[in-house]
Amino acid sequence: MLRLANTKVIIGGLSLLMVACNSDNINPDLTDSDVKAKSEIWPKIESEVVADPAIELRIDALLGTMTLKQKIAQMIQPEIRDITVEDMREYGFGSYLNGGGSFPNGNKQSTPQDWITLAENMYQASIDDSIDGIRIPTMWGTDAVHGHNNVIGATLFPHNIGLGAANNPDLIEKIAAVTATEVMVTGIDWVFAPTVAVVRDDRWGRTYEGYSEDPEIVRTYAASIVKGLQGAAGEDFLADNRVISTVKHFLGDGGTVDGSDQGDNIASEQALYDIHAQGYVGGLTAGAQSVMASFNSWHGEKLHGNKYLLTDVLKNKMGFDGFVVGDWNGHGQVKGCTNESCPQAINAGLDIFMVPTDAWKPLFHNTLAQVKAGEISQERIDDAVRRILRVKIRAGLFEKPSPAERMFSGKTELIGQQSHRDVAKQAVRESLVLLKNNGNILPLSPKQHVLVAGDAADNIGKQSGGWSVTWQGTGNVNADFPGGSSIYAGIAKQVQNAGGKVTLSETGEFQDKPDVAIVIFGEEPYAEGQGDVDHLAYQSDTKADLALLNKLKSQGIPTVAVFISGRPMWVNAELNASDAFVAAWLPGSEGSAVADVLMADNQQNVQQDFIGKLSFSWPSAPDQMPNRFDSQYDPLFAYGYGLRYTDKVEVSNSLPTEAKVASHAAGLPVFNGKLNNKWSMTLYSAQQEIDVASNTLALPHVAYRTVDKTIQEDAFKLDFLGTGEGGVKFVLQNSSLSQTLTKATALILNVKTSQPKSASIQVKMDCSLLPKDTSTCANQFDLSKQIANLPADVYTDITIDMKSLVKQGLTLNDIVDTLYIYSSQKNSLFISDIRFETPTE
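Chains are numbered independently. Their residues run from 1 in the order of the written sequence. With the structure being a predicted model, the display of local features is reserved for residues of pLDDT at least 70 and the display and counting of side-chain atom pairs for 80 or more, all residues being used for whole-chain, interface and lining totals. Only heavy atoms go into the side-chain values, all of them from the structure, while hydrogens and water stay out.

**Q** Can you help me understand the overall build of the protein in this one?
**A** In terms of helices and strands, the protein carries 23 helices and 32 strands. Two things to know: the radius of gyration comes from C-alpha atoms, and the globule rule equals 2.2 Å times the number of residues to the power 0.38. Expected size for 841 residues packed as a compact globule is a radius of gyration near 28 Å; at 27 Å, the protein falls within 12% of this value. For the protein, the residues scored as buried account for 63% of the 841 residues in total. Within the structure as shown, the protein displays about 29700 Å² of accessible surface, and the carbon and sulfur contribution to it stands at 49%. Secondary structure follows DSSP: runs of H or I at least 4 residues long count as helices, runs of E at least 2 residues long count as strands, and numbering of each begins at the N terminus. Accessibility here uses a 1.4 Å probe with only protein chains present; expressed as a share of the type maximum, an area under 20% marks a residue as buried, one over 50% as exposed, and anything in between as partly exposed. The Shrake-Rupley method, run with a 1.4 Å probe, gives the accessible areas here. Residue values count only the displayed protein chains as cover.

**Q** How should I be thinking about the packing of aromatic side chains in this particular structure?
**A** Working definition: a ring pair exists when centres of Phe, Tyr or Trp rings (six-membered ring for Trp) sit within 6.5 Å. Plane angles under 30 degrees give stacked, over 60 give edge-to-face, the rest tilted. On inspection of all chains with the given rule, the structure shows 25 aromatic pairs. Between Trp115 and Trp140 the ring centres are 5.7 Å apart and the planes differ by 20 degrees, which places this aromatic pair in the stacked class. Residue Trp115 is found in helix α5 (residues 112–126), and its partner Trp140 is found in strand β5 (residues 139–142); the two are separated by 25 residues along the sequence. For the pair formed by Trp115 and Trp140, the shared burial category is buried. Ring plane angle 85 degrees and centroid distance 5.1 Å describe the contact between Phe671 and Phe716, whose orientation is recorded as edge-to-face. Of the two residues, Phe671 is situated in strand β20 (residues 668–672) and Phe716 in strand β25 (residues 715–720); the sequence distance between them amounts to 45 residues. Aromatic ring contacts, followed pair by pair, group Tyr91, Phe93, Trp360 and Phe364 into a single cluster.

**Q** How do you make sense of the pairing of β25 when you look at a structure like this?
**A** Taken residue by residue, a regular strand's side chains alternate between the two faces of the sheet. Pairing between two strands is assigned when DSSP locates at least 2 bridges connecting them. Examined bridge by bridge, strand β24 (residues 702–707) and β25 share 6 bridges and lie antiparallel to one another. When the sheet's bridge partners are listed, Ala703 is paired in β25 with Asp719. In this structure, β25 lies alongside strand β32 (residues 827–837), joined through 5 bridges in antiparallel fashion. Among the inter-strand pairings, Leu718 is bridged to a residue of β32, identified as Leu829.

**Q** I'm lost on the nonpolar core in this one. Help?
**A** It is characteristic of soluble globular proteins that their nonpolar side chains tend to be buried jointly. What we call a nonpolar core is a set of buried Ala, Val, Leu, Ile, Met, Phe, Trp, Tyr and Cys residues that are connected through their side-chain atoms within 4.5 Å. In this structure, Trp42, Ile76, Phe250, Tyr280, Leu284 and Leu309 are the most contacted members of the largest nonpolar core, which totals 137 residues. By residue number, the principal contributor to this core is helix α8 (residues 169–185), which donates 9 residues. What makes two residues a contact is simply this: any of their non-hydrogen atoms within 4.5 Å. Those residues within four positions of Trp42 in sequence are excluded, and the remaining contacts are Leu251, Glu269, Leu272, Tyr273, Ala277, Tyr308, Leu309, Val313, Lys317 and Met318.

**Q** Whenever I open this one, the sheet that holds β5 confuses me. Can you help?
**A** The strands making up a sheet associate through hydrogen bonds between their backbones, and the pairing can be parallel or antiparallel. Strands sit in the order β4-β5-β6 across an open sheet of 3 strands; the sheet is parallel. Whereas interior strands pair on both sides, the edge strands pair on one side only; in this sheet they are β4 (95–98) and β6 (190–191). Bridge count for β4 against β5 is 4 bridges, and the pairing is parallel. Bridge pairing links Ser95 to Met139 in β5.

**Q** Please explain the state of the cysteines as it appears in this structure.
**A** Between two cysteines, a covalent bond joining their sulfur atoms is known as a disulfide. Cysteine sulfur atoms are paired as a disulfide whenever they fall within 2.5 Å. Throughout the structure, instances matching the rule amount to 1 disulfide. Cys337 shares a disulfide with Cys342; S-S distance 2.2 Å. Linking Cys337 and Cys342, the disulfide has an S-S dihedral of approximately 65 degrees and is accordingly described as right-handed. Residue classification places Cys342 among the buried residues on the basis of a relative accessible area of 1%.

**Q** When you look at the side chain of Arg390 in this model, what are you seeing that I'm missing?
**A** In this fold, Arg390 is placed in helix α15 (residues 378–394). By relative accessible area, which is 9% here, Arg390 ends up buried. The contact partners of Arg390, leaving out residues within four places of it in the chain, are Ile55, Glu56, Ile59 and Asp321.

**Q** Even after reading the chapter, I still don't get the environment of Phe157, so can you show me in this structure?
**A** Here Phe157 shows up in the loop between β5 and α7 (160–166). Of the residues examined, Phe157 reaches a relative accessible area of 1% and is grouped as buried. Spatially, the C-alpha atom of Phe157 lies 33 Å from that of Pro669, the residues being 512 residues apart in sequence.

**Q** Honestly, the sheet that holds strand β18 (residues 559–564) in this entry has me stumped. Any pointers?
**A** Read across the open sheet, the 6 strands follow the order β14-β19-β18-β17-β15-β16; overall the sheet is mixed. Only two strands of the sheet have a single neighbouring strand rather than two, namely β14 (433–437) and β16 (501–504). The average angle at which neighbouring strand axes cross in this sheet is 20 degrees, direction not considered. Across 4 bridges, strand β15 (residues 449–453) lies against β16 in parallel orientation. Bridge pairing in β16 places Val450 opposite Val502. For every element, the axis is a line fit to its C-alpha atoms; helices are fit only across the contacting stretch, and the angle between N-to-C directions ranges from 0 to 180 degrees. Together, β15, β16, β17 (516–522) and β18 form the strand contacts of helix α18 (residues 487–497), whose direction differs from that of β16 by roughly 155 degrees. Across the sheet, helix α19 (residues 544–554) is in contact with β15, β17 and β18; its angle to β17 comes to roughly 175 degrees.

**Q** Is there a simple way to think about α18 in this case?
**A** Side chains three or four residues apart in an α-helix point the same way, a direct result of the helix having 3.6 residues per turn. Those residues of α18 that sit buried are Ile487, Tyr488, Gly490, Ile491, Ala492, Gln494 and Val495. At its buried positions, α18 is contacted by β15, α17 (460–464), β16, β17, β18 and α21 (594–598). Gly499 sits one or two residues past α18 and shows a positive phi near 90 degrees.

**Q** Looking at this model, I keep getting lost on helix α12 (residues 307–317). Mind explaining?
**A** Three or more residues of α12 are buried, namely Tyr308, Leu309, Leu310, Thr311, Val313, Leu314 and Lys315. Measuring from the backbone nitrogen of Tyr308 back to the side-chain oxygen at the start of α12 gives 3.2 Å, which picks out Asn306 as the cap. Positive phi appears at Gly319, one or two residues downstream of α12, with a value of about 80 degrees. A 3.5 Å cut-off defines polar contacts: any pair of N or O atoms within that distance qualifies, except that in protein one atom must be a possible hydrogen donor and the other a possible acceptor, and neighbouring residues in sequence count only when both atoms are side-chain atoms.

**Q** Please clarify how unusual backbone geometry should be interpreted in this entry.
**A** Generally, phi is negative for residues other than glycine and the peptide bonds are trans, each holding for most cases. The residue after Lys248, namely His249, is reached through a cis peptide bond having omega -5 degrees. Along the polypeptide, His249 turns up in strand β7 (residues 246–250). At the junction of Phe250 and Leu251, the peptide bond is cis and its omega measures out at 10 degrees in the coordinates. Following the sequence through the fold, Leu251 ends up in the loop between β7 and β8 (264–265).

**Q** I'm lost on the environment of Asp782 in this one. Help?
**A** With respect to the element layout, Asp782 can be found in strand β29 (residues 780–782). Linking Asp782 and Pro401, residues 381 residues apart in sequence, is a C-alpha distance of 57 Å. Beyond its immediate stretch of four places on either side in the chain, Asp782 contacts Ser760, Ile761 and Gln762. One polar contact links Asp782 to Ser760, side chain to side chain, over a distance of 3.2 Å. A polar contact of 2.9 Å, which involves the side chain of Asp782, links it to the backbone nitrogen of Ser784.

**Q** How should the environment of Phe637 be read in this particular structure?
**A** Relative to the helices and strands, Phe637 resides in the loop between α21 and β20. For Phe637, a relative accessible area of 1% gives the class buried. For the pair formed by Phe637 and Asp382, sequence separation is 255 residues and the distance between their alpha carbons is 52 Å.

**Q** Even after reading the chapter, I still don't get the confidence of the model for the protein, so can you show me in this structure?
**A** One number per residue, pLDDT, summarises how confident the predictor is, and it ranges from 0 to 100. Mean pLDDT over the protein stands at 91; residues scoring 70 or higher make up 91%. In the model, residues 1–31 has pLDDT below 50 throughout and makes 75 contacts with residues more than four positions away in sequence or in other chains. Below pLDDT 50 for its whole length, residues 770–774 participates in 5 contacts with residues either more than four positions away or in separate chains.

**Q** What am I meant to see in the pairing of β18 here?
**A** Burial analysis of β18 places 6 of its 6 residues in the buried class, the great majority of the element. Of the two faces of β18, the one carrying Thr559, Ala561 and Phe563 and the one carrying Val560, Val562 and Ile564 are both buried. Pairing analysis gives 6 bridges linking β17 to β18, with the strands arranged parallel. In the strand pairing of β18, Ala517 is matched with Thr559. At this point the chain moves from β17, through α19, to the parallel β18, and the crossover so formed is right-handed. Sheet topology places β18 next to strand β19 (residues 580–585); 5 bridges connect them, and they run parallel. With the strands aimed away from the viewer, a crossover counts as right-handed if its path from the first strand over the helix to the second runs clockwise.

Have a look at this one:
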């Protein structure tokens with residue numbers, strides 16, 4: 001095994017030396033009685049943005065003219081799917097957002113002009129005082145987490161895990177500046193970045209949003225990103241070419257038990273500061289103007305309701321004078337709260353409710369009533385609004401032109417322009433980490449016959465990962481990334497230019513035996529919640545990519561593996577089957593730059609050496625979560641590891657491959673907070689059918705949108721319009737599981753409805769491989785009786801015997817693989833879980 005000592009390490013020219021601090025070996029018991037000791041944990045931050053008495057006088061004057069309704073409106077942040085321009089005119093919201101995968105007009109293909117139009121309309125409505133009586137400009141917040149990733153054609157940079165491997169703070173600042181420019185083209189003022197989570201358990205589905213398991217890199221990067229987005233204090237701070245930044249998520253989101261998204265962090269307070277707060281030290285020092293509260297708990301108390309951390313620590317001890325914004329209905333998870341009512345969060349120090357559902361209206365009115373009743377003090381409201389106004393004034397929102405008239409607005413040539421893509425390509429090259437290069441097979445001569453295989457070879461969506469056009473990064477095709485390039489495209493260009501031959505085959509097929517194969521494979525895209533895993537074993541159930549590697553190896557073809565992933569994973573078998581192995585992380589839209597490092601030039605000279613080093617330790621077992629400075633540190637590849645072409649290191653081809661991993665529960669899931677990757681999902685109606693790749697879709701007879709049951713967008717709603725048949729269709733993508741489905745005993749749906757329950761909703765199974773007449777296979781089942789007995793607005797399981805859905809006497813040739821849920825009558829149905837129950841073996 002290859003390791004580095006737990007001492008001083010040089011990575012990318014930055015010397016790192018830290019005191020050992022691990023939440024696993026520090027006593028987690030809190031010492032609430034020792035107030036003095038607690039105070040000494042949290043230093044006063046000397047922000048580069050200093051208080052301005054003139055701004056405070058201006059705020060005083062504004063507050064003196066505002067009604068309670070106007071103040072509370074500043075504290076409400078709805079989402080573009082749930083408000084209209086007229087709502088903005090009436091209420092005068094202080095801000096609004098678009099969630100991941102949410103677009104103007106609900107259209108994934110919205111142009112930059114569509115974004116500008118919405119921004120301009122919302123802005124003009126916010127300063128129209130004809131109804132709400134006040135002229136305070138609103139601001140639009142967006143998750144631009146690796147470029148302006150919601151907008152078609154934008155430059156998408158490597159995700160943070162790759163940037164951590166590059167360890168280049170100057171490059172990070174350039175990336176943030178490019179992001180700010182592309183965001184401002186669309187008229188948006190505010191970016192929900194950087195994420196400064198220090199990830200301690202790679203099973204977490206947001207691991208790739210972290211730069212490192214080491215807080216020092218995170219602290220340095222936080223400052224660089226904030227400066228790149230906002231500009232430097234005293235220079236171009238929040239000038240016309242800058243946006244407001246958000247350091248998130250406060251606090252401890254990367255250190256939850258078992259890496260559970262929105263879980264519980266049980267670190268001691270000292271470890272909370274030493275490990276998880278360092279990004280805030282860097283970001284707040286650089287002048288970050290907003291902080292986002294985290295979904296997670298600290299010792300069982302949700303951060304959205306934690307007064308000690310939000311107010312006593314962040315605002316008072318650390319001296320943060322910007323505002324604290326909530327995360328997606330995170331206030332609703334506080335004990336005693338709902339999405340519609342949460343005085344506890346405001347009293348704890350939350351300044352802006354992020355309320356991206358139709359709950360914004362009751363939340364507004366409930367908060368108004370709670371202030372009048374004394375549950376929330378007027379002083380707390382005034383403090384929150386003062387912080388919001390302070391940031392708006394610092395950002396010049398009262399003086400800047402409207403969104404459509406700003407410096408970069410409408411200059412669509414800046415979206416994905418070549419100079420921006422060049423910065424992204426540099427980031428791709430510097431992020432690659434070479435784990436294995438036996439026999440110094442790399443760099444490859446471009447004059448050879450090169451076979452390029454694997455399902456990530458020519459797939460820009462897969463190489464970009466989550467938060468890429470859509471929230472989870474799913475449902476995309478290469479055409480959704482105009483101007484971008486796949487990894488294959490870069491290899492093909494270099495080989496063809498040198499007179500070599502390139503063959504693309506996802507499955508590794510060829511007519512003429514190649515000289516070498518490059519296999520590009522890895523994790524499917526995912527984002528928060530849906531990306532959590534039980535262990536780090538890659539493809540523990542199918543091992544399809546290993547089979548591809550072994551097929552090529554058995555034919556005597558030298559093989560280079562390029563691994564696409566949002567975290568280190570246990571890939572011992574895949575390492576053994578490869579001559580060289582590259583951790584490419586999630587490189588974003590500029591995949592062609594990978595070839596600049598893999599391929600030599602025409603004279604067999606190195607074009608670009610590998611310089612990336614692991615900012616996360618690489619596991620030696622599927623259940624190992626190694627972190628630098630652990631008391632027992634035994635990774636496969638240590639933190640800081642990464643080969644260069646001058647290194648002569650042979651990695652064993654006999655790494656252990658036997659390990660126990662958690663077995664999956666019996667049954668066949670279709671949807672459980674997310675679509676299972678073994679199924680496809682489409683919305684259909686009146687001879688039309690579209691992939692469900694957005695959070696809002698509509699066809700002539702049916703509409704679809706994601707909703708929240710427990711966490712963000714973990715359920716969906718179907719609105720049947722009563723004008724004709726429409727619904728959703730699920731098709732099993734893995735034919736090897738068809739017999740499992742045939743043996744199922746029941747279909748279970750977890751649903752709720754708030755509509756009249758007399759309308760019929762049908763469920764049907766089908767056999768796609770039978771002739772047009774499927775009467776020998778499928779049955780339909782009317783849910784109306786079960787729905788009639790459902791309690792109102794409560795998710796409840798409905799169980800359907802498979803005998804009611806599938807005709808008996810099926811043969812092995814009858815592939816039952818399609819499920820429909822549909823209606824032609826007016827109704828609405830919320831669905832959070834769909835699964836088939838199968839006999840336990």
